[in-house]
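Structure assessment
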Amino acid sequence: MEFIDLKAQYRAYKTEIDKAITGIVESTQFIQGPVIRELETELAAYLGVRHAITCASGTDALLLPMMAFGVQPGDEILVPDFTFIATAEMVAFIGATPVFVDVDDKTYNLNPDDLARKITSRSKGIIPVSLYGQCADLDAINAIAARHGLWVMEDGAQSFGALYKDLRRKSGTLTRVATTSFFPAKPLGCYGDGGAMFTNDDNLAAELRCYLNHGQAQRYHHKRIGINGRFDSLQAAIVRVKLRHFDDEVIARQRIADWYTELLKGKVITPHIEPGNRSVWAQYTIRTPRREEVCEHLKNKNIPTAVHYPIPLHRQECFRHLDVADTSCPISCKLSAEVMSLPMHPFLTRTEVERVATSVLEAIGD
Ligand SMILES: *Cc1c(COP(=O)(O)O)cnc(C)c1O
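Parameters at a glance
Residues numbered from 1 in each chain as written. Predicted model: local features only at pLDDT ≥ 70, side-chain atom pairs only at ≥ 80, totals over all residues. Heavy atoms only, no water. Pairing = 2+ DSSP bridges. Helix = DSSP H or I, 4+ residues; strand = E, 2+ residues; numbered from the N terminus. Axes fitted to C-alpha atoms, helices over the stretch in contact; angles between N-to-C directions. Phe/Tyr/Trp six-rings, centres within 6.5 Å; stacked < 30°, edge-to-face > 60°. Buried < 20%, exposed > 50% of the residue type's maximum accessible area, 1.4 Å probe, protein only. Salt bridge = Lys/Arg side-chain N within 4 Å of Asp/Glu carboxyl O.

All right, on to the sheet that holds strand β8 (residues 177-181) then. Judged by pairing direction, the sheet is mixed, and its 7 strands sit side by side in the order β1-β9-β8-β5-β4-β2-β3 without closing on themselves. Only two strands of the sheet have a single neighbouring strand rather than two, namely β1 (51-55) and β3 (97-101). Adjacent strand axes in the sheet meet at a mean angle of 25 degrees when their direction is disregarded. Alignment of β1 against strand β9 (residues 195-199), held across 5 bridges, turns out to be antiparallel. In the strand pairing of β9, C55 is matched with G195.

Next comes the structure, spelled out in structure tokens:
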């Protein structure tokens, strides 16, 4: 069994993907070919947002808006303590200070109460992460940001396609700017690295396009110090194919998540999705104090698992100098010790899900 079965996905769309790849190779328009704008138009239409701007990775997608906002040393940017490193890493990379906010005990997303407590006169922005495929509480976070004049950027690396409240509002459209990643393991992945930024702000969109292409507004006229953060045309062609199948995949992921929950509820802590939200199930992550035994048992049965994430960000070696106490983020500490993710992808069968669930129950002696 695969943790994420990209081979099954390739087999399912092989004709289309091979044709898309061949088309780019034959055109030789590898850098910023027309396929980039075609994909950006489709992504913007999918979300109902004015601008979708592709870039080289989900990490660059976090960096570029901070370049455009003029984030600088001394600025504090609030990030969840419980997420992938990139969210806080780019804050530090641009020279600012990440301020680690604890997460909610049920959704594992940024806790608005702790967020409000940690805002200071140096705060400039907030990067909520929509973890495992469910939107953070962006209304509450936007309201706090508005009171303090801060920008908000949703890190939607795991949540492209997620719906927030009333099953209508879309991840990627709910903050001043939002990001996603096309890393292969994400819900909408390519065959390498890639990412995108979404915004309704025309000026910001123009700045982002400038920064991601060496700060040039016009060829060889460099207005800003930027980076080479362009998305690759081959990868764009692959995302375009996968986008056509994406809604069906989200439905399949929901069905699989429902099976897991049906089989595991009450035995381990199963994921909590707020009413009105739709997760895209980037991960199906359970919580148990007996994680190590469960992981070991599943490994012996050739069932792959993963831990997202084993170390709270404030405890990472690269952030140790910030000297943040564990008591500042108790939920994040607890989750890091207890969460584990089960195989999750749209091609899992009921039999496979039953085999995984049975093995989990065996491990906890149920
Ligand atoms: C994957 C991920 C990123 C980084 O995306 P890359 O495309 O791998 O650079 C950022 N934030 C979160 C929450 C992620 O899961």
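As a further point, take the packing of aromatic side chains. Evaluation of the coordinates by the stated rule reveals 14 aromatic pairs. The interplanar angle of 75 degrees and the centroid separation of 6.4 Å between the aromatic rings of Y10 and Y191 together place this pair among those described as edge-to-face. Here Y10 is found in helix α1 (residues 6-27), whereas its partner Y191 is found in the loop between β8 and β9, with 181 residues between them in sequence. The class for Y10 is partly exposed, based on a relative accessible area of 27%. Summarising the aromatic geometry, the rings of F69 and W151 are spaced 4.8 Å apart at their centres and angled 35 degrees between planes, so their arrangement reads as tilted. Taken together, the residues F69 in helix α3 (residues 58-69) and W151 in strand β5 (residues 151-155) connect sequence positions 82 residues apart. There is no split in this pair, since F69 and W151 are both buried. Taken together, the ring pairs in this structure connect Y46, F160, F198 and F246 into an aromatic cluster.

Next up on the list: the pattern of salt bridges. Applying the stated criterion to the full structure yields 26 salt bridges. A salt bridge links R240 to E42; the shortest N-O distance between them is 2.6 Å. Note that R240 is positioned in helix α9 (residues 233-264) and E42 in helix α2 (residues 34-47), a separation of 198 residues in sequence. Exposure remark for E42: the relative accessible area of 28% places this residue in the partly exposed category.

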